[in-house]
Amino acid sequence: MIRIGDIIERIEAYNPDYDEELIQRAYIFSAKAHQGQIRLSGEPYLIHPLEVAGILSEMKLDEQTIATGLLHDTIEDTFATYTQLKELFGQEVADLVEGVTKISKMSFESSEDTQAENFRKMILAMTKDIRVILVKLADRLHNMRTLEFQKPESRQRIAQETLEIYAPIANRLGIEWLKSELEDLSFKYIMTEAYQSLEKKIAKSEKERNRYIEFVIRILREKLMENGIAAEVSGRPKHLYSIFKKMQSQNIEFSDIYDITAFRVIVNTVPECYEVLGIIHNLWTPIPGKFKDYIALPKANLYQSLHTTVIGPKGERIEIQIRTHEMHQVAEMGIAAHWKYKEGINLDEKDDKRFRWLRQLFEYQKDLKNNAEFLETIKIDLFPDEVFVFTPTGEVKEFPRGSTPIDFAYSIHTEVGNHCKGAKVNGRIVPLKYLLHNGDSVEIITHPQAHPSKDWLKIVKTSRARTKIRQWIKTQEREQSIQLGRDLLEKETKRYAVSFNKLYKDGALKEIAEAFSLQSVDDLLATIGYGKITPRQVIRRILPPEKLEGEESKPLKKIISKIKRKDQSPILIKGVDNVMIKLAKCCNPLPGDKIVGFITRGRGITVHKANCEKVLDCDPQRLIEAKWKMDENIRHSVRIQTACTDRRGLLAEITKELASQGADILSAHAQITQDHHAVNQFVISIKDLKHLNKIIRALSHIKGVTEVKRLQA
């Protein structure tokens, strides 16, 4: 257990001029405020704020941040108030404690709207003072270290949130050790069996691996000393979750992973980094395509290092990172290594780059009103895997892996993207769906008549490009809908000898728009064009009922008769009765999935999963709230896939388990791959999402089954 004296010693080591009185007062206040409170572990609650402050002191943060660590739970869990903290510790500390308190109250497994709103609040807090999220990360790390004392369901929820939200934020801030520990702890509780299995396999060969690590380190040190280079050389196994992810992504067993050990060489200067690289490549054979120069092309969080993978002693693959001491500090501590504490301080070029992604998120949270689009943007910006390309003038631009020339075009200017016709990469014309590679030189070809297409949304990767394309499409669709609405309404007014222009000039259409809770005549016309209001509904507000009797349009009757039917659907549509409802084939929603209805033109309502890509790309004004009638006893078909290690009798076990779980097999397809693995696809009949998840869990426990997943179509 850490004590206040240990924290003070740490601070004195890196900041001799710190305000010790502030730390002591914060400690005494926290001790009194939490007096009598006990954690689930049975320990005094004060241990938690002490541990959080200890983590912050390891990150070498300022005394205001460490005082916040000691006080971070006082507003939420004691009788302390913001005003009281402001009087005792100043506004800076009080604001930080309040910011951490607000983030602690946020839920990220709630409805999409609440989740989006909480993300917006978190981004605002981070933009105002980045120290707020650093304290929250330290708080989350200690809670994860003591997660075994929580109830099983709470462990799962907290671990999942940590893996999906807080570990990516730590990664985006460049705090490598914190990200790795959060990932491993989350992995431990989310996939306990896989974690324990991997841990045992690594422990089994620990002694042998340690001997190998010492052997490689000795060779490296001797070789560097021969060349007059003073360096720190270390080696360690990669963290468990990164090994697990590699096994999953490459569909390989632990025994097939050869580079689970990473070595690090830390030198004094950048030229020495490249000199060490040459020595290593001369000593051991480098593996083609496994060299990355993050010194010349730093990552978004300013991480710098040379990475190379070589065939080391005994024919084993080893990964080696080469960096300077300053680069190592940034790699370990990220944004905490050197950053500005408050708004209003002029940032140097490095810090400006470090905060650029955060400022972009801040702008998007203001601009994007659609919660699904906003959450998608967050996901893109929290999980970057960078590619570096060049403009024709030699400027380096960074993109997520999988980006296209369209992403590049929008990074230059919105108008360049909106009029992008083609692209040249390395002097050669390429299709717009071309995937950018490290080192590509890109030139965009524009034309005044070229415009974005909905298909672009399927191939772009950056949130900026996606947002700008959607804005253009919405603008164009609105203009088209206004014109269509005008044409439809003019035809309808002519049938009754009413002047459309007169209605427009004398303000009658404006009054009708307001009666439909719309702000303008253009909104009314667009809504008619979208099909949400019919021209006849408008006419009914203009003409008396006797003039409309007997004038019901025959074509309209036919359309109504087509879409009306008996209410046999397992779905309720808000405010709509007797309309044809069908489930979308693209995402095949099941009871339990969050769903939304899409109003088609003349074909009723199609129901999609709320996160379906087609829904994200469509016009939000044509979406309508939908929910399941959970009391309906209706079976649904769904396609699932199992990946397995091929063995005799495995398919029989899978089909037997499906039957025991109450799933009817409608069709099955089995395929054996060249590497002695099997991929099986089944279409099964089930009750709902809960039933499906139970089936997936049951199949996952069968020996030899490595993955079970639901297919969208």
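Residues numbered from 1 in each chain as written. Predicted model: local features only at pLDDT ≥ 70, side-chain atom pairs only at ≥ 80, totals over all residues. Heavy atoms only, no water.

Caption draft 1: Just the packing of helix H19 (residues 405–412) against helix H21 (residues 463–495), in detail. The interhelical angle for the contact between H19 and H21, taken along N-to-C directions, is 80°, at an axis separation of 8 Å. Looking at the two axes, H19 sits roughly perpendicular to H21. Along its contact with H19, which presents Ile 406, Asp 407, Tyr 410 and Ser 411, the element H21 presents Arg 464, Ala 465, Lys 468 and Ile 469. Here the contact of H19 with H21 is composed, by residue class, of four nonpolar, one polar and three charged. (Axes fitted to C-alpha atoms, helices over the stretch in contact; angles between N-to-C directions. Helix = DSSP H or I, 4+ residues; strand = E, 2+ residues; numbered from the N terminus. Parallel < 35°, antiparallel > 145°, perpendicular 65-115°, else oblique. Contact = heavy atoms within 4.5 Å. Nonpolar A, V, L, I, M, F, W, Y, C, P; charged D, E, K, R; others polar.)

Caption draft 2: Quick look at the nonpolar core. Of all hydrophobic cores here, the largest spans 70 residues; its most connected members are Ile 23, Met 59, Leu 137, Leu 182 and Leu 198. Val 216, Ile 217, Leu 277 and Ile 279 belong to the second largest nonpolar core, which has 24 residues in total. (Core = buried A, V, L, I, M, F, W, Y, C linked by side-chain atoms within 4.5 Å. Buried < 20%, exposed > 50% of the residue type's maximum accessible area, 1.4 Å probe, protein only.)

Caption draft 3: Structural context of the sheet that holds strand S11 (residues 442–446). Spatial strand order, S10-S9-S11: three strands in an open sheet with antiparallel pairing. Two strands lie at the open edges of the sheet, namely strand S10 (428–430) and S11, each paired on one side alone. The mean angle between the axes of side-by-side strands here comes to 35°, regardless of whether they run parallel or antiparallel. When strand S9 (residues 420–425) meets S10, the two strands line up antiparallel, connected through three bridges. Across the sheet, Val 425 pairs through a bridge with Arg 428, a residue of S10. Of the strands in this sheet, S9, S10 and S11 touch H19, which is tilted by about 80° from S11. (Pairing = 2+ DSSP bridges.)

Caption draft 4: Structural detail: unusual backbone geometry. Notably, Lys 314 is not glycine yet its phi reads approximately 65°, a positive angle. By secondary structure assignment, the location of Lys 314 is in the loop between strand S5 (306–311) and strand S6 (317–324). Of the residues examined, Lys 314 reaches a relative accessible area of 72% and is grouped as exposed. A positive phi angle, close to 45°, is found at Asn 588, a residue other than glycine. Within the secondary structure layout, Asn 588 lies in the loop between strand S13 (581–583) and strand S14 (595–599). Asn 588 gets classed as buried once you look at its relative accessible area, which sits at 19%.

Caption draft 5: How the structure looks around helix H29 (residues 650–660). Within H29, the full set of buried residues consists of Leu 650, Ile 654 and Leu 658. All buried residues of H29 fall inside an arc of 80° around its axis, so they share one side. In H29, those exposed residues whose orientation departs by more than 90 degrees from the buried face are Lys 656, Ala 659 and Ser 660. Immediately downstream of H29, the backbone of Gly 662 shows phi near 80°, a positive value. (Arc of directions from axis to C-beta.)

Caption draft 6: Representation of the environment of Val 396 in the model. Mapped onto the secondary structure, Val 396 falls in strand S8 (residues 396–400). A relative accessible area of 38% places Val 396 in the partly exposed class. When the C-alpha positions of Val 396 and Leu 297 are compared, they lie 8.0 Å apart, and in sequence the two are 99 residues distant. Residue contacts for Val 396: discarding those within four places in its chain leaves Leu 297, Phe 388, Val 389 and Phe 390.

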